[in-house]
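Secondary and tertiary structure notes
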Amino acid sequence: MFYQTIDILGTVAFAISGVLVAMDKKLDLFGVLIIAFVTAIGGGTLRDLLIGNTPVVWMRDLTYVSTIFISVVVGILFANQLKYLRRSLFLFDTIGIGLFTMIGVEKGLQAELSPIMCVALGTMTASFGGVIRDMLCNEIPVIFRKEIYATACILGGASYFLFTQFPIKESYAYIAAIVVVISLRLLAVRFGISLPNIYKKPKEL
Amino acid sequence: MFYQTIDILGTVAFAISGVLVAMDKKLDLFGVLIIAFVTAIGGGTLRDLLIGNTPVVWMRDLTYVSTIFISVVVGILFANQLKYLRRSLFLFDTIGIGLFTMIGVEKGLQAELSPIMCVALGTMTASFGGVIRDMLCNEIPVIFRKEIYATACILGGASYFLFTQFPIKESYAYIAAIVVVISLRLLAVRFGISLPNIYKKPKEL
Amino acid sequence: MFYQTIDILGTVAFAISGVLVAMDKKLDLFGVLIIAFVTAIGGGTLRDLLIGNTPVVWMRDLTYVSTIFISVVVGILFANQLKYLRRSLFLFDTIGIGLFTMIGVEKGLQAELSPIMCVALGTMTASFGGVIRDMLCNEIPVIFRKEIYATACILGGASYFLFTQFPIKESYAYIAAIVVVISLRLLAVRFGISLPNIYKKPKEL
C-alpha cells in the first residue's frame, strides 16, 4: 500500500513532466501521450526487464495506465498555468526521480540484490524515463548535462542503507532517502554545483 | 498453424519494407540485412521481452530467420521492379502493421493480459520494428509523423474484441481486425486524415 | 573458471575502449563512467534479456562492476600513454569483440539454441556494447562503417563449430575461434577489405 502510493505519485510526476516537454515541442495529441507514457514507465520497464520481473508491472496492473491517462488530461488542461509557474517541469522531474529512486531500491531488495546493485537499479528507474523522453524530443538527455542528476539518485539511494542502521521505522528511512534525493538535486541546481572536470588542460573546441 | 502463417506473412512484409528503406539509403549488403532483420523482428522482440516470453521467439524457431533471409534476397533482386511500383514500401509496411497488430493481441491474450494491454501490445508489435528501422536510417520515425499509424493499430486491435462478441468463428474476427487496421491506414493516407491539433494558437516555427 | 576469465578480460578491454572514446569527447567523470559501463555490459545485457537469463549477470555478480571501476581508474590514469600508442582504441575494441563473441556463443549453447542462433548471439554480445557507445557519443556506430566488423564475429563464431569437429579439447577450439575473430578484424583493417557493394551504379551523394 505504502510503496504503491509512492509509485503512483512518481508516475504522476513523470507523466506531467513528459506532457510539459512534449507540448513545448508542439507534438500532436498522440505524441504527447506517448512521451508522457514513456517518461512515466521507461525507468520501471528497464528495471523489471533487468531483474526478470515480467510481464512488466504496468502490463499486469491497469492502475499505471489509468494514472498516466488522467495525468495527461490534467497536464494538458492546466499546461498554461504550469507554464506560468516556470519551474514546473524541473519540479515534477525532481519529485519523480526522488520517488522512483526508492521504488527501484525496494525492487532490488525484493530481488535479493546487493546494496550496490539496489542503488544502481534505483538510479536507472529514476533516470531512464527522462533519458528516453529527452532522446525522443531531440534534447541532450538531462542526465548527461552538467547538473548533479544521477549523483543525487546514487547518494540518496545509498543514504537509505545508512538510515536503516538507525533504530527507526523502515518507512521513515525510506521517506528520508526520498527527501535526500530531492534536496540534493534542488541544492545542486540552486548553487550550480557540478562534477569536477577530469581534464587538466581542457582544449578549446 | 493459422497464427504461424500470419506471423510469417508479416515477417516477409516488414523484411521487404526494411530492404527498400535500406537500399534507398545506399547501405551495404550487411546494412540491408540488419535493417531488414531489425524491422521484421523488432516489434516481436519488444513484445516477448515485456511479457517475459524468453528466449524470444526468433531464437527458438529458425523459420523466422530463414524467412527474412529469403525475403532479403528476393527484395534485393526485385528492388528495381518494386521501385517502379512507387507505393511498394507504403504497401508492405501497411500489410505488416495489420498482421503484426493481431499477432501481438493474440500473444497478450495467451499471457492473460487485459484487453487494453492486448491492444497496447499489438500496437507495439506492429510499430516498434518500423521505429527502429527509421531511427537506424536516420529518418523521423513514421509513427511520429502526421499520418494515422498507431491509431490504425489501436482501433483495429480494439475492433477484434468487438467482433468476438458476435457469433462468428474466432479466426474470422481475427482476419476482420487485420482488414480494419489496413483499411484505416490506407484511408487515412488517401484522404490525408490526421489527429487533431491540441494547440489553440500554433506558433510558426 | 575458464569462461569467467575470458568474460572479465573482455569486460576490461571494452571498458577501456569506452573510456578512450568518452575522454576523446571530453565527457565529465560521470559520463566517462557511464560510457565505459555501457560499452562493457551492453552486449551481455542484450544477450541475457533475449535468452531470458535474468537478473542479468552483472546484477548478480559484483565482479563485473568492480572490474569496470578499476578499468576506468586505470584507463583515466594512463589515458595519455594510451593515446600515444595511437591504435589503442582499435586494439582494445578488437580484443573485446574476439572474447565476447565466444562468451555469447557459449551462453547460446547453454540455452540449447541452434548453432546459427549461437553465432548470432555471439555477434550481438560482441557488437552491441560498441553500438551503444558510439550512439551515446554521437558517432556513426562502428558496425555500420565500411570495415569488416560483425562479419569477423560471424565467421569466428562459425569457426568454433568447425573446430569442435576435430578431436581437440573444447577450450582449444574456443581459443582458436577467438583468434580467428581478432585476426580477421586486424587483417580486414590492415588490407582495407570491406563487403562488396550491391549497387551497380552508385550515385554520387
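All chains use their own residue numbering, which begins from 1 and follows the written sequence. The naming scheme follows written order: chains are lettered A onward, ligands numbered 1 onward. Reporting of local features is limited, given that this is a predicted model, to residues whose pLDDT is at least 70; pairs of side-chain atoms are given and counted only at 80 or more, and all residues count toward the totals for whole chains, interfaces and linings. The basis for the side-chain values is all heavy atoms of the structure; hydrogens and waters are excluded.

An unreviewed UniProt entry lists chain A under the name Trimeric intracellular cation channel family protein, with Flagellimonas algicola given as the organism. UniProt's Subcellular location (unreviewed entry) comment on chain A is quoted here verbatim: "Cell membrane". UniProt positions are given in the numbering used here, feature names are shortened, and annotations may be inferred rather than shown by experiment.

1. What about the overall build of chain A?
The helix and strand inventory of chain A stands at 9 helices and 0 strands. Going from the N terminus to the C terminus, chain A shows its helices and strands as α-α-α-α-α-α-α-α-α. Contact criterion: two residues are considered in contact whenever any of their non-hydrogen atoms come within 4.5 Å of each other. Here the analysis covers contacts within chain A between residues at least 6 apart in sequence; of these, 72% occur between residues at least 24 apart. Under the convention used here, a 1.4 Å probe and the Shrake-Rupley method define accessible areas, while residue burial counts only the protein chains that appear. About 9,800 Å² of surface is accessible on chain A, with carbon and sulfur atoms providing 67% of the total. Numbering of helices and strands starts at the N terminus; helices are DSSP runs of H or I of at least 4 residues and strands are runs of E of at least 2.

2. Comments concerning the UniProt feature "transmembrane region" (unreviewed entry) in chain A
Residues and elements named next belong to chain A. As annotated in UniProt, the feature "transmembrane region" (unreviewed entry) corresponds to residues 6-23, 30-50, 62-82, 89-107, 113-136, 148-166 and 172-193 in the numbering used here. A distance of 27 Å separates the end C-alpha atoms of residues 89-107, which is 100% helix and 0% strand. Within the segment residues 113-136, helix and strand shares are 92% and 0% respectively, and the terminal C-alpha atoms sit 31 Å apart.

3. Points about the packing of helix 6 (residues 88-110) of chain C against helix 8 (residues 150-163) of chain C
All names here are of chain C. Geometry is summarised by axes, namely lines fitted to C-alpha atoms with helices restricted to the contacting stretch, and by angles between N-to-C directions that run from 0 to 180 degrees. One can describe the packing of helix 6 onto helix 8 by two numbers: an axis separation of 10 Å at closest approach and a directional angle of 50 degrees. Relative to helix 8, the element helix 6 is oriented oblique. Of the two possible hands of crossing, helix 6 and helix 8 adopt the one that is right-handed. Facing helix 6, whose interface residues are Ile-97, Thr-101, Met-102, Val-105 and Leu-109, helix 8 presents Cys-153, Gly-157, Tyr-160 and Phe-161. Should an angle lie under 35 degrees it is considered roughly parallel, over 145 roughly antiparallel, and from 65 to 115 roughly perpendicular; all remaining angles are considered oblique. Crossing handedness follows the turn of the near helix against the far one: under a right angle anticlockwise gives a left-handed crossing, and clockwise gives a right-handed one.

4. Let's talk about the side chain of B:Asp134
Position of B:Asp134 among the secondary structure elements: in helix 7 (residues 115-136). At 3.1 Å, the side chain of B:Asp134 and the side chain of B:Arg133 are in polar contact. N or O atoms within 3.5 Å of each other form a polar contact, as long as, within protein, one can give a hydrogen and the other can take it, and as long as residues adjacent in sequence are counted only when both atoms are side-chain atoms.

5. Examining the packing of aromatic side chains
Here the aromatic set is Phe, Tyr and Trp, taking the six-membered ring for Trp, and pairing holds for ring centres within 6.5 Å; pairs whose planes are under 30 degrees apart are stacked, those over 60 apart are edge-to-face, and all others are tilted. A complete count under the given rule lists 14 aromatic pairs over all chains for this structure. Ring centres 5.2 Å apart and planes at 55 degrees place the aromatic pair A:Phe14 and A:Phe100 in the tilted group. Highlighted residues: A:Phe14 in helix 1 (residues 2-24) and A:Phe100 in helix 6 (residues 88-110), separated in sequence by 86 residues. Taking the centre distance of 5.3 Å and the plane angle of 85 degrees together, the rings of B:Phe37 and B:Trp58 count as edge-to-face. In this pair, B:Phe37 is assigned in helix 2 (residues 29-51) and B:Trp58 in helix 3 (residues 57-60), connecting sequence segments 21 residues apart. For the exposure calls, accessible area comes from a 1.4 Å probe over protein chains only, and a residue counts as buried if that area is under 20% of its type's maximum, exposed if over 50%, partly exposed in between. The class for B:Trp58 is buried, based on a relative accessible area of 4%. Through a chain of ring-to-ring contacts, the aromatic side chains of A:Tyr3, A:Tyr160, A:Phe161 and A:Tyr174 assemble into a single cluster.

6. Brief notes about the relation of the copies chain B and chain C
Each copy of the sequence occupies a distinct position, and chain B is placed on chain C by a rotation of 120 degrees and an axial shift of 0.0 Å, giving an RMSD of 0.0 Å. Look at the turn and shift together and you get a three-fold axis relating the two. Each copy contacts the other with its own distinct surface, as only 5% of the interface residues of chain B are interface residues in chain C too. Only residues with pLDDT of at least 70 in both copies contribute their C-alpha atoms to the least-squares superposition of the copies.

7. Here we look at a nonpolar patch on the surface
Residue and element names in this part refer to chain A. Two joining distances apply to patches: 9 Å for like charges and 5 Å for nonpolar side chains (Val, Leu, Ile, Met, Phe, Trp, Tyr), and every residue must have over 30% relative accessible area and no salt bridge. By definition here, a salt bridge exists when the distance from a side-chain nitrogen of Lys or Arg to a carboxyl oxygen of Asp or Glu is within 4 Å. A surface patch of nonpolar side chains, about 590 Å² in accessible area, is lined by Phe-69, Ile-70, Val-73, Val-74, Leu-77 and Phe-78. Residue position: Val-74 is located in helix 4 (residues 62-77). A relative accessible area of 36% means that Val-74 is categorised as partly exposed.

8. Some thoughts on the interface of chain A and chain B
The extent of an interface is frequently quoted as the accessible surface area lost upon association of the parts. Listed as interface residues are 20 residues of chain A and, on the opposing side, 19 residues of chain B. Area buried by chain A at its contact with chain B is led by A:Lys26, A:Phe30 and A:Met59, which between them contribute 37% of it. The interface formed by chain A and chain B contains 0 salt bridges. Between chain A and chain B we count 1 residue pair in polar contact (both at pLDDT 80 or more) in total. The greatest single-element share of the side of chain A that touches chain B, amounting to 6 residues, is contributed by helix 2 (residues 29-51) of chain A. Two parts placed together each lose some accessible area; with a 1.4 Å probe, that loss summed over both constitutes the buried area.

9. Examining the pattern of salt bridges
Counting across every chain of the model gives 9 salt bridges over all chains. A salt bridge links A:Asp134 to A:Arg133, with the nearest nitrogen and oxygen atoms 3.1 Å apart. One exposure class covers both A:Asp134 and A:Arg133, and it is buried. Here B:Arg47 and B:Asp48 are joined by a salt bridge, their closest N and O atoms 3.2 Å apart. Classification of B:Arg47 as buried rests on a relative accessible area of 2%. Classification of B:Asp48 by relative accessible area gives buried; the value is 0%. Through salt bridges that share partners, A:Asp93, A:Arg133 and A:Asp134 make up one connected network.

10. Observations regarding the packing of helix 6 of chain A against helix 9 (residues 170-190) of chain A
All names here are of chain A. Where helix 6 contacts helix 9, the axes come no closer than 9 Å and their chain directions differ by 140 degrees. The hand of the helix 6/helix 9 crossing is right-handed. Judged by residue contacts, Phe-90, Asp-93, Thr-94, Ile-95, Ile-97, Gly-98, Leu-99, Thr-101, Met-102, Ile-103 and Glu-106 of helix 6 engage Glu-170, Tyr-174, Ala-177, Ile-178, Val-181, Ile-182, Arg-185, Leu-186 and Val-189 from helix 9.

11. Topic: the nonpolar core
Ranked by internal contacts, the top residues of the largest apolar core, which has 159 residues, are A:Trp58, A:Met59, B:Trp58, B:Met59, C:Trp58 and C:Met59. Those residues in contact with A:Met59 that sit more than four places away from it in its chain are B:Leu50, B:Ile51, B:Leu113, B:Met117, B:Leu121 and B:Met124. Put simply, buried Ala, Val, Leu, Ile, Met, Phe, Trp, Tyr and Cys residues joined by side-chain atoms within 4.5 Å make one nonpolar core.

12. Some thoughts on the relation of the copies chain A and chain B
One chain copy maps onto the other through a rotation about an axis and a shift parallel to that axis. The operation relating chain A to chain B is a screw motion whose rotation component is 120 degrees, with 0.0 Å of axial translation and a residual RMSD of 0.0 Å. Interface overlap between copies: only 5% of the residues of chain A at the interface are likewise at the interface in chain B, consistent with a contact formed by different surfaces.

13. Considering the interface of chain B and chain C
Contacts between chain B and chain C engage 20 residues on the former and 19 residues on the latter. Summing both partners gives a buried area of about 1,900 Å² for chain B against chain C, and 79% of it is carried by carbon and sulfur. For chain B, the biggest contributors to the area lost against chain C are B:Lys26, B:Phe30 and B:Met59; these three give 36% of the whole. Applying the counting rule to chain B against chain C returns 0 salt bridges. Going through the elements one at a time, helix 1 (2-24), helix 2, helix 3 and helix 4 (62-77) of chain B are the ones with two or more residues in the side of chain B that touches chain C. Looking at which element gives the most residues to the side of chain B that touches chain C, the answer is helix 2 of chain B, with 6 residues. For this scheme, ten residues count as nonpolar: Ala, Val, Leu, Ile, Met, Phe, Trp, Tyr, Cys and Pro. Four count as charged, namely Asp, Glu, Lys and Arg, and the remainder, Gly too, count as polar. Classifying every residue of the side of chain B that touches chain C by side-chain character gives 16 nonpolar, 2 polar and 2 charged.

14. So, the environment of B:Val12
Residues and elements named next belong to chain B. Here Val-12 lies in helix 1. Under the relative-accessibility criterion, Val-12 is labelled partly exposed at 26%. Separated by 55 residues in the primary sequence, Val-12 and Thr-67 have C-alpha atoms spaced 6.6 Å apart. Once you skip the residues sitting within four places of it in the chain, Val-12 turns out to touch Thr-67 and Ser-71.

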